[in-house]
Protein chains: 2
Amino acid sequence: MAVKLALVAEEADVSLPTVSKVLNARPDVAKATRERVTQVLERHGYSIRTRPRTATGLIDVRIVNLDGPWSETVVRGAAAAARRYEKEIVLTVDPDPDDCDGWVRHALSRGTDGLLSVVAVPSEPARAALTEAGVPFVAVDPLHRAPEGTLSISATNFQGAFDATRHLIDLGHRRITTITGPVDQDNGIARLAGYQAAMMQAGLPLDDDLIVRARYGVEEGYHAVCALLRRDARPTGIFAASDDTALGAIRALREHGLRVPADVSVIGFDDVPYSRWNDPPLTTVSQPLTEMGAAAVDIIIGALQGRSAAVHTELSTRLVVRQSTAAPAVER
Amino acid sequence: MAVKLALVAEEADVSLPTVSKVLNARPDVAKATRERVTQVLERHGYSIRTRPRTATGLIDVRIVNLDGPWSETVVRGAAAAARRYEKEIVLTVDPDPDDCDGWVRHALSRGTDGLLSVVAVPSEPARAALTEAGVPFVAVDPLHRAPEGTLSISATNFQGAFDATRHLIDLGHRRITTITGPVDQDNGIARLAGYQAAMMQAGLPLDDDLIVRARYGVEEGYHAVCALLRRDARPTGIFAASDDTALGAIRALREHGLRVPADVSVIGFDDVPYSRWNDPPLTTVSQPLTEMGAAAVDIIIGALQGRSAAVHTELSTRLVVRQSTAAPAVER
């Protein structure tokens, strides 16, 4: 199915989204182009809709059953945007971060105006079904960038991590560790890369001992610091790839008799609601989560109106300086 | 409309839910009763459905746009339960904690199998429309108990607050303060009453100076403690009516040079995810939020199958002892 649509796009010399628009009678295609694509589609056995599918007023949102407020903040932003367009959110909470094809097929058979998935991206056959039906799909913070122009939105993970590390460097730190997120995920890769870029820009050595590979989470941060403190070179600053990780790191530092920030500075990533109430209030990088949810809905509505969106959009993070970072202690 | 249905119930000598079942062709009504109610309904101008409304597979969930994970945890429980019944959640996030009539009417006109609202309860005409349509409605943690048998579910606020205060008394505390929640809300009233009951049971004086009236929130807890410390009698233990309040209280105590729990014990209420990662880990009363969301969906499904539910259900809280409470410091 997907192969056929791709062939149509190639023969008609247009993009896949344009083929989908013509197939589903959506606006915003030049008359001559529409005629040409129609001919190619019909030659491949497709029937062109005479009018767009009737709007259902529903937008399907799928989140993974994660602990913590991350996904739900995205949903809140999506729900507020949906309200403005007089659409309603049908929410699916699914523990499986990978398989969302069943969700796609169910939504298509029930009828939906668009799909938004946090983290999970449908497989290729499911994406083809969406394209063929002309139903927009947007992935928010996908684990991996999907090929073939799947629309996605995330935060500027690379830039945010760069800014976090730069903040420690500007305070005077030289021995800066990062506790990474999962480096089999795009956001984890980007944050590690941001740290490395800031270190390199400042001419600081990228010592393997300074990188602790972990996954996001409080326990992960805790164990990462325990491991770190068994190594020779103690850092004066730590960039933890998530706030949860930072919280666990701070706990472990305290248990080893180290004060934050007096002995070790810690900066996180996310700006979850609790971060400013932590003791000490956590310096971190804020992700624009409600804006990401809202922007995903804006993209869906735009696509329904024939507007093309950038394939991948990144919304800017923001450094939030609180009290868990300070100049390194003077070395005796 | 509601008056007519209430009259029908009275004339037919049955409950309002039974009238609704007959009107909407729902099962689980004795044959003779159904015939009698049918006659009364028809005399009042109602047409009885010959079969129940076709299921839409949708359950409408409305939450208030609150900060923090409370409402969303309830939604998560509801979504998991809905999945088990192969229903889908249509989620509405609305900043207004009072007016949900528009939401009710919209759901009824679109078609829905049931409604679940966190905090907000529809007004009487909207409830009458729900009863007439035979669409179940359940309020989760309503601000005020709704009359006329509106189904609701909450946590055992009174018992939980009692247990929290009892915990401090068992540790040896005598001068115990409470920082209340809003006493114009059922949960606030119940928690204050639980505190008072535990104090009275232990024969401890209920000093007005020991009660600080506030609303839920970190800033509220902070200012409450600042006010408290300006009074004469410093408490050795504080029962804060929410974890957010407790966090603010701890921050204010620290700023006044007081250690928790060494100088003052603090216990909260909710067990939000960050409570165990706080420094110190917060002793609190856990609310079964996911269970409340799931139970609300179970009640809706049961009602659709003709099963009557208790008008109000309370799910048990659970004392969670961590590190923010201890025996009072020995007095010199």
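The structure presented is a predicted model; accordingly, all values stated were derived computationally and were not measured.

Rules used in this analysis
- Residues numbered from 1 in each chain as written.
- Chains lettered and ligands numbered in written order.
- Predicted model: local features only at pLDDT ≥ 70, side-chain atom pairs only at ≥ 80, totals over all residues.
- Heavy atoms only, no water.
- Helix = DSSP H or I, 4+ residues; strand = E, 2+ residues; numbered from the N terminus.
- Contact = heavy atoms within 4.5 Å.
- Domains from an automatic or database assignment.
- Least-squares fit on C-alpha atoms with pLDDT ≥ 70 in both.
- Buried area = accessible area lost by both parts, 1.4 Å probe.
- Salt bridge = Lys/Arg side-chain N within 4 Å of Asp/Glu carboxyl O.
- Nonpolar A, V, L, I, M, F, W, Y, C, P; charged D, E, K, R; others polar.
- Pairing = 2+ DSSP bridges.

How would you summarise the environment of A:Gly77 if you had to cite specific residues and measurements?
Residue and element names in this part refer to chain A. When you line up the elements, Gly 77 lands in helix 4 (residues 70-84). Considering only alpha carbons, one finds Gly 77 and Thr 156, 79 residues apart in sequence, at a separation of 18 Å. Apart from residues lying up to four places away in sequence, Gly 77 is in contact with Thr 290, Gly 293 and Ala 294.

Please provide a residue-by-residue account of the domain arrangement of chain A, values included.
Once the domains are mapped, chain A shows domain 1 (2-43), domain 2 (58-155 + 290-315) and domain 3 (157-287). One C-alpha centre belongs to domain 1 of chain A, the other to domain 3 of chain A; they are set 49 Å apart.

Explain the relation of the copies chain A and chain B to me, and be specific about the residues and the numbers.
In screw terms, the move from chain A to chain B is a rotation of 180° and a rise of 0.0 Å along the axis, fitting with an RMSD of 0.0 Å. These values place the two chain copies in the arrangement generated by a two-fold rotation axis. Residues of chain A ranked by C-alpha distance from the rotation axis are headed by A:Val90, positioned 2.1 Å from it. A shared interface surface links the copies, since 91% of the contact residues of chain A are contact residues in chain B too.

Any details on the interface of chain A and chain B? Residues and values, ideally.
Contacts between chain A and chain B engage 33 residues on the former and 30 residues on the latter. Both sides of the chain A and chain B interface together cover about 2,900 Å² of buried area, and 51% of this is carbon and sulfur. Of all residues in chain A, A:Arg76, A:Tyr274 and A:Trp277 give up the largest surface area on contact with chain B, accounting jointly for 24% of the area buried on that side. In this structure, the salt-bridge partner of B:Arg254 is A:Asp279, at a minimum N-O distance of 2.7 Å. Sorting the residues of the side of chain A that touches chain B by element identifies helix 4, strand 2 (88-94), helix 5 (101-110), helix 9 (218-230) and helix 10 (243-255) of chain A as the ones contributing at least two each. For the side of chain A that touches chain B, the leading source of residues is strand 2 of chain A, giving 7 residues. Residue composition of the side of chain A that touches chain B, by class: 14 nonpolar, 5 polar and 14 charged. With 3 bridges connecting them, strand 2 of chain A and strand 2 (residues 88-94) of chain B associate as antiparallel partners. What sits directly across from A:Ile89, in strand 2 of chain B, is B:Leu91.

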